Every structure is written in structure tokens, then in C-alpha cells.
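What follows is each chain in one-letter form.
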Amino acid sequence: MNIQTLKGFRDFKGDVARKRDYVKNTLKSVFEKYGFEPLETPVLEYEELLNGKYGEEGDKLMYRFEDNGGRKVAMRYDQTVPTARYVAQYASVLSNPFKRYQMQNVYRADNTQKGRYREFLQCDIDTIGVNSTLSDAEIIAAVADGYKALGFKEIKILLNDRSIFEGLSPISIAIIDKLKKIGEDGVVEELVARNECKTVEEAKNLLQSILDAKMPERLNDVFSKLSEMKIDSNILEYSPTLARGLDYYTGLIFEVEIPQYTVGSVCGGGRYDNLIGMFAGKQIPAVGCAFGFDRTVEAMEELNLFPSELNNSSSKVLVTIFNRELETRSLEISYQLRNKKIPTELWLDPDSKMEKQLKYADSQKIPYVVIIGPEEAEKNIYTLKNLNDRTQEQLPIDELIAKLQQ
């Protein structure tokens, strides 16, 4: 057997999992503050529901197969298309607007590199049923608040509108979207190489026309709404060459960059008024975004934004067992501490030496240890050892609980 994870798939140990939970819980609190409700959808969808919704690259990277019943199925490539299916399926009972957030894994058979995996978590928010610049602005405001809540001091939100590219082919749009990666010369060369322009001069003129494009009126109104929402204008930037690769966008598009994190954008989204109509048979306006969860976590690691206590064990105290005769006393205090909602780990091998138990607590970064030896049992007190500063004190039960609750 090959005892390892598949390429692009990962395991997460305790401290890493705690940091990921911290990001999820922080974003969840922001989403709910804006009135978004949780939604979960299946990993598998019928292939025909997902195929053709993401453009040429997306169709290539989708995990698809035939199940045991001969059905053609595909794994969730993002959360937007499954949400569109959900809205179409339950349209008769959903509120209007329907505001949802979703935090689940998605799957893409991509080339793995820093910040890019084949299984990764996305955090989405969407507002469905409203075609207003206010709904566009609220999504962006929630994104800005989300990154502020995570501790980022500097972010840049790049905004554009797909109307800028009216009349251009999807291939031309995708090439122009690469401007930051390959530069103006690279864009011009690729436009000619892929027969999107007949000459270099024509390609240069096309690119320049996009660079000089005036901000669309609707996008200008989004900027105004964001100002009224007290979103710092310094983090907002009009970017006329921003296209985003997914074919379903119809209006507003945006991406979030962190200046100190150079791997790529950490969040992106926009308006997709036609996608749900593919399933519902009528146009249903929608706007939303996906947080690049793993990139956000990596950026937080690089900028030291995680609270230091997340590196510690989830247990606040280890209750040791001095010997088999005193095992019952250890069980009793463990129950009392847990009953007071103090995260408590009980040592499980009564024949272990105390030295081994203390080393374990130290290695797991459990800050406190409770010891009940013969002297403590006789006096009905407990020794509380602080492994951070290597001090200890003897306390009655009430004081012990109060100390650990601080």
C-alpha cells in the first residue's frame, strides 16, 4: 500500500485544524452579522448540471466519473453552481432575497503549487433575487469586514464590470485577464497567436481601449454605496482589465489582494444573473463571492495574525493519576472541571510515572496540570502546576476551578 495522501489532498493536525476553525468561525460571525444563513450541498452532482458552467479550463479540471448505477456524476467544482441548482429546485419555498453562506470543500484536478490544491475549502456568500447595486456593495462590504476581523491591516479590492468586455470573445477576455501575470507584451503576443487579433497593432489598440475604459455607471454607483457604508476608499480600486475566468459572470466582478502575500488573489466574485436561469427557466439575479480559504490561512501565517493560544492544545488542564489507589480522586476532579466547562484531559494509564505524564502535557502544550498525591488527598486540596512559568500552588476545589476559569 502507498501510505500517503493523494497529491493535492491534505491532513490537518491539531494546531492547524484549530487555526482553520478560527478562520471559519470568524468569517461565520461576519456573514451572520450581515444576515446570511448557512447552506450545505452534496459533494456529488449530476455531471450535466456542472458541465459547461465554468469555461474551457473548468471543464478540464472537473472530477467526473460514472457511479455504480451508471449515472454520470461530478464532484463539486465550486459552490455557486450547486447553489444555483438548489435555488431552482426549491424556488417555491425560498425567501426573496435568499442570502446564504457556505463553507465546504471543492475539488479540482489542478496542478498543485503553493496556495493551490485539489481539495480545498471555500467560504461563499451570495445574495439571490435582487438586482441592485446595494446588494453588490453589501457583498463587498462583508468581504472587507471579514478580512478586517481576521486581522489584516492592508487589503486591496479590485473591481470591474463585465460590460467593459462587451463584444469580445471569451478567449480575448481570458487573455486580457492575464495582464498582471504576463504583462502588456505577453497579452499582445497571445492575442495575435490565438488569432484574436490579426496584427500586433490591432492587439495593442484593443488592450489600450480596455485600459482607458471609463468606469461603467453601475460600478460607479457601487463605489458610492460602499462609501455610504463607511468602507475605506483606499482599499478599493477600479481595474478595467480584471475579467475573472468563470463564464457565468454578467456584471460586477472583483478580487481581493493582500500586498504582502504574493501568491495571488485571496477572494473573488461578482454578479451572475443568468446562471440560475439555466436551471430555473427564468432569470434570477444573483451576486456573491468565494473566499480563497487556504490562501487566506497561508497569508495569516506569513503575517503572524493567528492568536498565539491556537498553538496550544484545546485542553486547558491535564488531570494526572498519581497511582491506582488515587485514580478515583482524579476521575472526580475531571468530572467537576468538565462540568464547569473547563477543557480537561484525563491521563488514561494509571501505571505511568508522573514524569511521563508531565512530559506529555508539555509536549501537547497543555498549560496546566493537576496532581492529586497522598498529601493532597489527605488535606482535600489539589496541586496546580503551571507549565508555562513552571510554578505551582496548592488550592481547594473552589479556588482551583476559579483559577482555571480565568
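As shown above, the structure is provided for reference.
Residues numbered from 1 in each chain as written. Predicted model: local features only at pLDDT ≥ 70, side-chain atom pairs only at ≥ 80, totals over all residues. Heavy atoms only, no water.

S.K.: Help me understand the overall build of the protein in this model?
M.R.: In terms of helices and strands, the protein carries 15 helices and 16 strands. Here the protein has a C-alpha radius of gyration of 27 Å; the compact-globule value for 406 residues is 22 Å, and the former is much larger. With respect to the principal axes defined by its C-alpha atoms, the protein has extents near 90 × 55 × 45 Å. Relative to all contacts within the protein whose residues are 6 or more apart in sequence, the contacts with residues 24 or more apart total 67%. For the protein, the accessible surface area stands at approximately 20,900 Å², while carbon and sulfur atoms represent 47% of it. Of the charged side chains in the protein, 54 are positive and 63 negative, and the gap between their average positions amounts to 2 Å. (Helix = DSSP H or I, 4+ residues; strand = E, 2+ residues; numbered from the N terminus. Rg over C-alpha atoms; globule rule 2.2 N^0.38 Å. Contact = heavy atoms within 4.5 Å. Areas by Shrake-Rupley, 256 points an atom, 1.4 Å probe, with all protein chains shown as cover. Lys, Arg positive; Asp, Glu negative; His and termini not counted. Charge placed at Lys NZ, Arg CZ, Asp CG, Glu CD.)

S.K.: Explanation requested: the packing of aromatic side chains in the structure shown.
M.R.: Pairs of aromatic rings are described using the distance from one ring centre to the other and the angle between the two planes. Applying the stated criterion across every chain, the model contains 12 aromatic pairs. Ring plane angle 65° and centroid distance 6.4 Å describe the contact between Y54 and Y248, whose orientation is recorded as edge-to-face. You can see Y54 sitting in the loop between α2 (47–50) and α3 (55–61) and its partner Y248 sitting in the loop between β8 (236–238) and β9 (252–257), a full 194 residues away along the chain. By relative accessible area, Y54 is classed as buried at 2%. You can call Y248 buried: its relative accessible area is 6%. (Phe/Tyr/Trp six-rings, centres within 6.5 Å; stacked < 30°, edge-to-face > 60°. Buried < 20%, exposed > 50% of the residue type's maximum accessible area, 1.4 Å probe, protein only.)

S.K.: Would you explain the packing of helix α12 (residues 327–339) against helix α15 (residues 397–405) in this entry?
M.R.: The contact between α12 and α15 brings their axes to 11 Å, and the two run at 45°. Judged by the angle between their axes, α12 and α15 are oblique. Like other packed secondary-structure pairs, α12 and α15 cross with a definite hand, here right-handed. Residues I333, Q336 and L337 of α12 touch α15, and the partners they reach there are I397, L400, I401 and L404. A breakdown of the residues in the contact of α12 with α15 according to their chemical character gives six nonpolar, one polar and no charged. (Axes fitted to C-alpha atoms, helices over the stretch in contact; angles between N-to-C directions. Parallel < 35°, antiparallel > 145°, perpendicular 65-115°, else oblique. Left-handed = near helix turned anticlockwise from the far one by under 90°. Nonpolar A, V, L, I, M, F, W, Y, C, P; charged D, E, K, R; others polar.)

S.K.: For this particular structure, what's the right way to read the sheet that holds strand β14 (residues 368–371)?
M.R.: Sheets are built from strands paired through backbone hydrogen bonds, the pairs being either parallel or antiparallel. One open sheet accounts for five strands, arranged β13-β12-β14-β15-β16; its pairing is mixed. Single-partner strands in this sheet number two, and they are β13 (344–346) and β16 (391–395). Ignoring which end each strand starts from, the neighbouring axes of this sheet average 25° apart. With three bridges connecting them, strand β12 (residues 317–319) and β14 associate as parallel partners. Bridge pairing links V319 to V370 in β14. (Pairing = 2+ DSSP bridges.)

S.K.: Looking at this structure, I do not really get the side chain of S239. What am I missing?
M.R.: Checked against the element boundaries, S239 lands in the loop between β8 and β9. In this view, S239 contacts L158, L159 and N160; residues no more than four positions away in its chain are not counted.

S.K.: Just checking my understanding: could you explain unusual backbone geometry for this structure?
M.R.: Where the residue is not glycine, phi is negative for most of them; where a peptide bond is considered, it is trans in most cases. Put simply, N96 and P97 share a cis peptide bond, and its omega is 5°. Take P97: it is sitting in the loop between α4 (80–89) and β5 (98–107). For N304, which is not a glycine, the phi torsion comes out positive at approximately 55°. Given the relative accessible area of 66%, N304 is considered exposed. One non-glycine residue with positive phi stands out, namely K341, at about 65°. Its place among the elements puts K341 in the loop between α12 and β13. A residue is classified by how much of its surface remains accessible, and K341, at 76% relative accessible area, is exposed.

S.K.: Which parts of the structure should I look at to understand a nonpolar patch on the surface?
M.R.: On the surface, a cluster of nonpolar side chains totalling about 220 Å² of accessible area is made up of V43, L44 and F65. Residue L44 is classed as partly exposed on the basis of its relative accessible area of 39%. (Patch = residues over 30% accessible without salt bridge, like charges linked within 9 Å, V, L, I, M, F, W, Y side chains within 5 Å. Salt bridge = Lys/Arg side-chain N within 4 Å of Asp/Glu carboxyl O.)

S.K.: Explain the sheet that holds β8 to me, please; I cannot follow it from the model alone.
M.R.: Strands sit in the order β1-β5-β6-β11-β10-β9-β7-β8 across an open sheet of eight strands; the sheet is mixed. In the strand order of this sheet, the two ends are held by β1 (37–38) and β8, each with one partner. Here β9 runs beside strand β10 (residues 267–271); their pairing, made up of four bridges, is antiparallel. The residue of β10 that forms the bridge with V256 is C267.

S.K.: Just to check I follow, could you spell out helix α8 (residues 200–211) for this structure?
M.R.: Every α-helical turn comprises 3.6 residues, leaving residues that sit three or four positions apart pointing alike. Between its first and last C-alpha atoms α8 spans 16 Å; for 12 residues at 1.5 Å apiece the expected length is 16 Å, and the two agree. Residues of α8 that are buried: A203, L206, L207 and I210. Axial view of α8: buried residues confined to an arc of 95°, hence all on one face. The secondary structure elements touched by the buried residues of α8 are α6 (170–176) and α7 (179–193). (Expected span 1.5 Å × (residues − 1). Arc of directions from axis to C-beta.)

S.K.: Quick question: what am I supposed to make of the pattern of salt bridges here?
M.R.: For side chains of opposite charge, pairing can occur when their charged atoms come near one another. Tallying each qualifying case throughout the model produces 27 salt bridges. We note a salt bridge from D21 to K24, for which the minimum N-O separation is 3.4 Å. Residue D21 and its partner K24 are both found in helix α1 (residues 14–33); the two are separated by three residues, about one turn of the helix. Residue K24 is classed as partly exposed on the basis of its relative accessible area of 25%. Notably, a salt bridge pairs R85 with E45, separated by 2.8 Å at the nearest N-O pair.

S.K.: What is the right way to read the nonpolar core from this model?
M.R.: Across soluble globular proteins, nonpolar side chains have a tendency to be buried as a group. One finds Y147, I157 and L159 to be the most contacted residues of the largest nonpolar core, which totals 47 residues. Here this core gets eight residues from one element, more than from any other, and that element is helix α5 (residues 133–149). (Core = buried A, V, L, I, M, F, W, Y, C linked by side-chain atoms within 4.5 Å.)

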